[in-house]
Amino acid sequence: MNELPQQLVNGLLLGSMYGLVAIGYTMVYGIVQLINFAHGEIFMTGAFGALTVYMYILPDGTSMLIALPLMLIGAVIVSTTVAVGAERFAYRPLRGAPRLAPLITAIGLSLALQQAVWAWYPDAKSARPFPQIDGGPFHIGDVTIQTGDIFLLIAAPVSMALLGYFVMRTRTGRGMQATAQDPDTAKLMGVNTDRIIVVAFALGAVFAAVGGVAYGLKYGQIEFKMGFILGLKAFTAAVLGGIGNIYGAMIGGVVLGVAETLATAYIADIPGLDKFGSQSWADVWAFILLILVLLFRPQGLLGERVADRA
């Protein structure tokens, strides 16, 4: 069987999940020039929010066709609440501070959220099983798609289409574009920049929540530490696509996912390099790709080179 189509699909699915989380990084950075390193934990809290709805709110034996939309709503509520709270109480007071201050705050918030979930959620110190969709897997030629991947396969393009419509066609979306280009002028033109920033955090959290549910469905389990590495990879995807560009974030995620999957699958077949193709090296290849992009195209695939101001 030809493995390349399967590996490409695997990379596309993995990259779509990276892209969903990367959108939060790139939206916040595009508007307030802040790298929110706690965004990986917002992704994680969304997954636990979905699991909480399934375990403690829905009756036992609820069909996943009914449970999944409610779990998604629970994930969005938890992630959005955490993100908006972080913006209001952690980042907004530091908006005029040197850039290092909110960066350190983001790292501290990331650790605090991890420990909060670890302390609050029963048995969170170990991986928790995540409810699965029955049926499948599905075979299309040489490609096999697991049931848990169906949600991601649908959610990623639908989410991007809705975001594109929101940003290009709504008043708030145009306000976001104006604030990203020049926040001072936007404020003079009547744009409520504080509200726009909150919307950016909230929208990023919504996409992170979708990614958190997709992660649980794909891998069948979640844990309180899962947002750290995935958050770093999503940040890598945002830089790869051109940080500040929402479409670049998704494209960067897909490129990263495909590159990581192909490297893991095929480097092991090269004589003398077999140990570099193991799954444990997948994270390494992702960051090697980031280094190469920063060396040869630091603005990213869809980013624009911006001249330094005097």
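The rules behind these values
Residues numbered from 1 in each chain as written. Predicted model: local features only at pLDDT ≥ 70, side-chain atom pairs only at ≥ 80, totals over all residues. Heavy atoms only, no water. Core = buried A, V, L, I, M, F, W, Y, C linked by side-chain atoms within 4.5 Å. Buried < 20%, exposed > 50% of the residue type's maximum accessible area, 1.4 Å probe, protein only. Helix = DSSP H or I, 4+ residues; strand = E, 2+ residues; numbered from the N terminus. Patch = residues over 30% accessible without salt bridge, like charges linked within 9 Å, V, L, I, M, F, W, Y side chains within 5 Å. Areas by Shrake-Rupley, 256 points an atom, 1.4 Å probe, with all protein chains shown as cover. Salt bridge = Lys/Arg side-chain N within 4 Å of Asp/Glu carboxyl O. Lys, Arg positive; Asp, Glu negative; His and termini not counted. Charge placed at Lys NZ, Arg CZ, Asp CG, Glu CD. Contact = heavy atoms within 4.5 Å. Axes fitted to C-alpha atoms, helices over the stretch in contact; angles between N-to-C directions. Parallel < 35°, antiparallel > 145°, perpendicular 65-115°, else oblique. Left-handed = near helix turned anticlockwise from the far one by under 90°. Nonpolar A, V, L, I, M, F, W, Y, C, P; charged D, E, K, R; others polar. UniProt positions renumbered as here; feature names shortened; annotations may be inferred. Expected span 1.5 Å × (residues − 1). Arc of directions from axis to C-beta.

By size, the foremost hydrophobic cluster in this structure holds 80 residues, and its most contacted members are Ile23, Tyr91, Phe151, Leu163, Met176 and Ile222. Sorting elements by how many residues they give to this core places helix α8 (residues 193-219) first, with 15 residues.

Residues Arg169, Arg171, Arg174 and Arg195 make up a contiguous surface patch of positive charge. Following the sequence through the fold, Arg174 ends up in helix α6 (residues 171-181).

With that out of the way, let us pick up the pattern of salt bridges. In this structure the tally under the stated criterion is five salt bridges. A salt bridge links Glu87 to Arg95; its shortest N-O distance comes to 2.6 Å. Using a relative accessible area of 1% as the deciding quantity, one classes Glu87 as buried. In this structure, Lys218 and Asp149 form a salt bridge, with 3.3 Å as the shortest nitrogen-oxygen distance. Of this pair, Lys218 sits in helix α8 while Asp149 sits in helix α5 (residues 147-169), and the two are 69 residues apart along the sequence. With relative accessibility at 25%, the residue Lys218 sits in the partly exposed group. Look at the salt bridges and you will find they share partners, linking Glu87, Arg92, Arg95 and Asp194 into a network.

Considering the arrangement of structural elements, one finds Ser79 in helix α3 (residues 64-91). The exposure class assigned to Ser79 is buried, which follows from its relative accessible area of 0%. If we ignore the near neighbours within four places in the chain, the residues touching Ser79 are Ile42, Thr45, Gly46, Ala205 and Ala209.

For the rest of this paragraph, the subject is the packing of α5 against helix α10 (residues 246-266). Following both chains from N to C, one finds α5 and α10 inclined at 165°, their axes separated by 10 Å at the closest point. On the basis of their axis angle, the class for α5 and α10 is roughly antiparallel. As for how α5 packs across α10, the hand of that crossing is left-handed. Here α5 contributes Ala156, Met160, Leu163, Gly164, Val167 and Met168 to the contact with α10, which in turn contributes Ile246, Tyr247 and Met250. Considering only residue class, the contact of α5 with α10 consists of eight nonpolar, one polar and no charged.

Within the UniProt annotation, "transmembrane region" (unreviewed entry) is assigned to residues 12-35, 42-58, 64-86, 98-121, 150-168, 196-216, 247-268 and 280-296. Between the end C-alpha atoms of residues 12-35 the distance is 25 Å, and the span holds 88% helix and 0% strand.

Moving on, we come to helix α4 (residues 100-120). Every α-helical turn comprises 3.6 residues, leaving residues that sit three or four positions apart pointing alike. With 21 residues, α4 ought to run about 30 Å at 1.5 Å a step, and its terminal C-alpha atoms sit 30 Å apart, in line with that. Buried residues of α4: Pro102, Ala106, Leu109, Ser110, Leu113, Gln114 and Val117, and no others. Across the axial projection of α4, the buried residues extend over an arc of 135°, all falling on one side. Exposed and oriented more than 90 degrees from the buried face of α4 are Leu100, Ile104, Leu111 and Ala119. Those residues of α4 that are buried are in contact with α2 (39-57), α3 and α9 (226-241).

On to the environment of Asn10. Within the fold, Asn10 resides in helix α1 (residues 4-32). When the C-alpha positions of Asn10 and Ala112 are compared, they lie 33 Å apart, and in sequence the two are 102 residues distant.

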